[in-house]
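Chain by chain, the residues run as shown.
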Amino acid sequence: MDLTRGICILLVLSVHAFVVVGDTDLDFPAALTAFNLFLDPFRIPLLMFLSGMLLHKALKKPLKEYVWGKFCLIFWPFLLWSLVVYAAEGRLTLEYILKTPISAPSVLWYLWFLTAYYVIALVLVRLRVPLLPVMAVCLAGSGLLPSFLRMDRFSALLMFFLLGHYVVERQISLRGRGYLALLGLGAAVAGGVISVLSGSIKYDPLYVWVPVGLILAILWVSSFYRGNAVSGGLEWIGRNSIVFYAVHFPVMMVAARVLLSTTTPSGATLYVAAFLLAVVAGALLQFLRLRFRLAEALFDFRVVARMVGLAGPQASRSRPQDRTGPVETR
């Protein structure tokens, strides 16, 4: 899970670096455009599926601790870092601040979705609602609901979140079913090619088989995976994905402004610089997070509560390794 999430987070950074370059008049290599389009159907559905796989652990906690934890570790970083994003974009106004907790007009909308999904899942599980019919309704809704407030996207990704939980709850394994992994990989590659040739197909219910195909392939591979020194860095990024996700976009925006005001970079140069600086900034902030309470407070409201003397449900006081998962384009 850590490796897959680490790769997905880097791919999110990649597409946002692409967005930053797209906001300029710089030329951009067609190969990089095709690369991002090929991966377009997979990033966020896979991240949401991984987050759903962790739901069963969260549900074992007492109700107050469950709700408090999701607010502190998901919704708080969303609120705080959305303000930083707005400042970097030049739209830090009262209007956007007030809209943020309600409609998530932020590049960090994934965290808003994830918070809502944890609440929805809690209700579904406590009421013992069968998940398969709910997932079917979500899939249909992704094709019928409007794009207003990302309603269609919300429905599509809820399906993947619940699918992750369903796989863990039913202990579904593909060990010994390599043919399904091969079919899934073929479907994923075909869908990536379709995305390149015809434009984005993400969140389209007619193409749900594309990310599901990749999920099948990854589930099969996971039964054989063993970590090593090479994959360790990606796993570390995956474990601390919330930091890299939250900080990357404002860093990219600021870096682009500085580079464009001091040099005349090519589109590819700006893309690489924005991507690498975002990775470095995320790594530095994570190191600071492990050493200073103030840095930790940027991602965990429980630290803020303790600093100001507020009480909250008691939980582990150990340093956090994020396991909630995160995002993607605006």
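This text gives an overview of the structure that appears in the document. In this text, all values refer to a predicted model and were calculated from it rather than measured experimentally. (Residues numbered from 1 in each chain as written. Predicted model: local features only at pLDDT ≥ 70, side-chain atom pairs only at ≥ 80, totals over all residues. Heavy atoms only, no water.)

Observations concerning the overall build of the protein
Then, in step 1: Along its length, the protein carries 16 helices and zero strands.
Then, in step 2: For the protein, the C-alpha radius of gyration of 20 Å lies close to 20 Å, the compact-globule estimate for 330 residues.
Then, in step 3: Across its three principal axes, the protein shows a C-alpha extent of roughly 55 × 55 × 45 Å.
Then, in step 4: Only carbon and sulfur atoms are counted for the fraction: they give 70% of the accessible area of the protein, which is about 15,400 Å².
Then, in step 5: Put simply, the protein has 29 plus and 16 minus side-chain charges, and the middle of one group is 11 Å from the middle of the other. (Helix = DSSP H or I, 4+ residues; strand = E, 2+ residues; numbered from the N terminus. Rg over C-alpha atoms; globule rule 2.2 N^0.38 Å. Areas by Shrake-Rupley, 256 points an atom, 1.4 Å probe, with all protein chains shown as cover. Lys, Arg positive; Asp, Glu negative; His and termini not counted. Charge placed at Lys NZ, Arg CZ, Asp CG, Glu CD.)

Structural notes on helix α9 (residues 151-169)
Then, in step 1: Compared with an ideal rise of 1.5 Å per residue, which puts 19 residues at 27 Å, α9 spans 27 Å between its outermost C-alpha atoms and is within 8% of the ideal.
Then, in step 2: The element α9 is largely enclosed, with a buried count of 14 among its 19 residues.
Then, in step 3: Looking at the residues trailing α9, positive phi occurs at Gln171, about 55 degrees. (Expected span 1.5 Å × (residues − 1). Buried < 20%, exposed > 50% of the residue type's maximum accessible area, 1.4 Å probe, protein only.)

A look at the packing of helix α13 (residues 241-262) against helix α14 (residues 267-289)
Then, in step 1: Direction vectors running N to C along α13 and α14 enclose 135 degrees, while the axes themselves pass 7 Å from each other. When the interaxial angle is binned, α13 and α14 end up oblique. Crossing of α13 over α14 shows right-handed handedness.
Then, in step 2: Partitioned by chemical class, the residues of the contact of α13 with α14 number 19 nonpolar, three polar and one charged. (Axes fitted to C-alpha atoms, helices over the stretch in contact; angles between N-to-C directions. Parallel < 35°, antiparallel > 145°, perpendicular 65-115°, else oblique. Left-handed = near helix turned anticlockwise from the far one by under 90°. Nonpolar A, V, L, I, M, F, W, Y, C, P; charged D, E, K, R; others polar.)

Structural notes on the side chain of Ser14
Then, in step 1: Tracing the chain through its elements places Ser14 in helix α1 (residues 2-22).
Then, in step 2: Not counting residues within four places of it along the chain, the set of residues in contact with Ser14 comprises Phe35, Asn36, Tyr271 and Phe275. (Contact = heavy atoms within 4.5 Å.)

Comments concerning the packing of aromatic side chains
Then, in step 1: In total, this model carries 25 aromatic pairs according to the counting rule given.
Then, in step 2: Seen in terms of ring centroids, Trp112 and Phe154 are 6.3 Å apart; in terms of plane orientation they differ by 65 degrees. Their pairing is edge-to-face. Of this pair, Trp112 sits in helix α7 (residues 109-126) while Phe154 is found in helix α9, placing the two residues 42 residues apart along the sequence.
Then, in step 3: Linked through ring pairs, Tyr66, Trp109, Trp112, Phe113, Tyr117, Tyr118, Phe154 and Phe161 together constitute an aromatic cluster. (Phe/Tyr/Trp six-rings, centres within 6.5 Å; stacked < 30°, edge-to-face > 60°.)

Let's talk about unusual backbone geometry
Then, in step 1: Of note, the phi angle at Arg128 is positive, near 55 degrees, even though the residue is not glycine.
Then, in step 2: Residues other than glycine seldom take positive phi values, yet Leu149 does so here, at roughly 60 degrees.
Then, in step 3: Here Leu149 shows up in the loop between α8 (131-144) and α9.
Then, in step 4: Residue classification places Leu149 among the partly exposed positions, given a relative accessible area of 48%.

Describing the pattern of salt bridges
Then, in step 1: The full count for this structure, using the stated rule, is seven salt bridges.
Then, in step 2: For Asp2, the salt bridge goes to Arg239, with nearest N and O atoms at 3.7 Å. In this pair, Asp2 is assigned in helix α1 and Arg239 in helix α12 (residues 229-239), connecting sequence segments 237 residues apart.
Then, in step 3: Judged by relative accessible area, Asp2 falls into the buried class, the value being 12%.
Then, in step 4: Here Arg91 ties to Glu89 by a salt bridge, and the two come within 2.5 Å at their closest N and O atoms.
Then, in step 5: Arg91 sits in the partly exposed class, given a relative accessible area of 21%.
Then, in step 6: By relative accessible area, which is 18% here, Glu89 ends up buried.
Then, in step 7: Taken together, the salt bridges that share partners define one network made up of Asp2, Glu235 and Arg239. (Salt bridge = Lys/Arg side-chain N within 4 Å of Asp/Glu carboxyl O.)

Some remarks on the environment of Phe35
Then, in step 1: You can see Phe35 is positioned in helix α2 (residues 30-39).
Then, in step 2: Overall, Phe35 belongs to the partly exposed group, its relative accessible area being 38%.
Then, in step 3: The spatial distance from the C-alpha of Phe35 to the C-alpha of Tyr207 is 19 Å, given a sequence separation of 172 residues.
Then, in step 4: Beyond its immediate sequence surroundings of up to four residues, Phe35 is in contact with Leu11 and Ser14.

Structural notes on the nonpolar core
Then, in step 1: In terms of nonpolar packing, the biggest core is built from 80 residues, with Met48, Phe49, Tyr110, Phe161 and Leu162 touching the most fellow members.
Then, in step 2: Not counting residues up to four positions away in its chain, the partners in contact with Phe161 are Met48, Ser51, Gly52, Leu55, Leu114, Tyr117, Tyr118 and Ala121.
Then, in step 3: If you look at the next biggest cluster of nonpolar residues, it comprises seven residues, including Ala297, Val303, Val304 and Ala305. (Core = buried A, V, L, I, M, F, W, Y, C linked by side-chain atoms within 4.5 Å.)

Comments concerning the packing of α1 against α13
Then, in step 1: Interaxial distance between α1 and α13 falls to 10 Å at its minimum, and their mutual angle equals 20 degrees. The angle between α1 and α13 falls in the class roughly parallel. In this structure, α1 meets α13 at a crossing whose hand is right-handed. Residues Arg5, Ile9, Val12, Leu13, His16, Ala17 and Val20 of α1 touch α13, and the partners they reach there are Ser241, Phe244, Tyr245, His248, Phe249, Met252, Met253 and Ala256.
Then, in step 2: Split by residue class, the contact of α1 with α13 holds eleven nonpolar, three polar and one charged.

Focus on the side chain of Asp300
Then, in step 1: Its location among the elements puts Asp300 in the loop between α15 (293-297) and α16 (301-308).
Then, in step 2: Within polar-contact distance, the side chain of Asp300 engages the side chain of Arg302 at 2.8 Å.
Then, in step 3: Not counting residues up to four positions away in its chain, the partners in contact with Asp300 are Cys72, Leu73 and Trp76. (Polar contact = N/O pair within 3.5 Å; in protein donor to acceptor, adjacent residues only side chain to side chain.)

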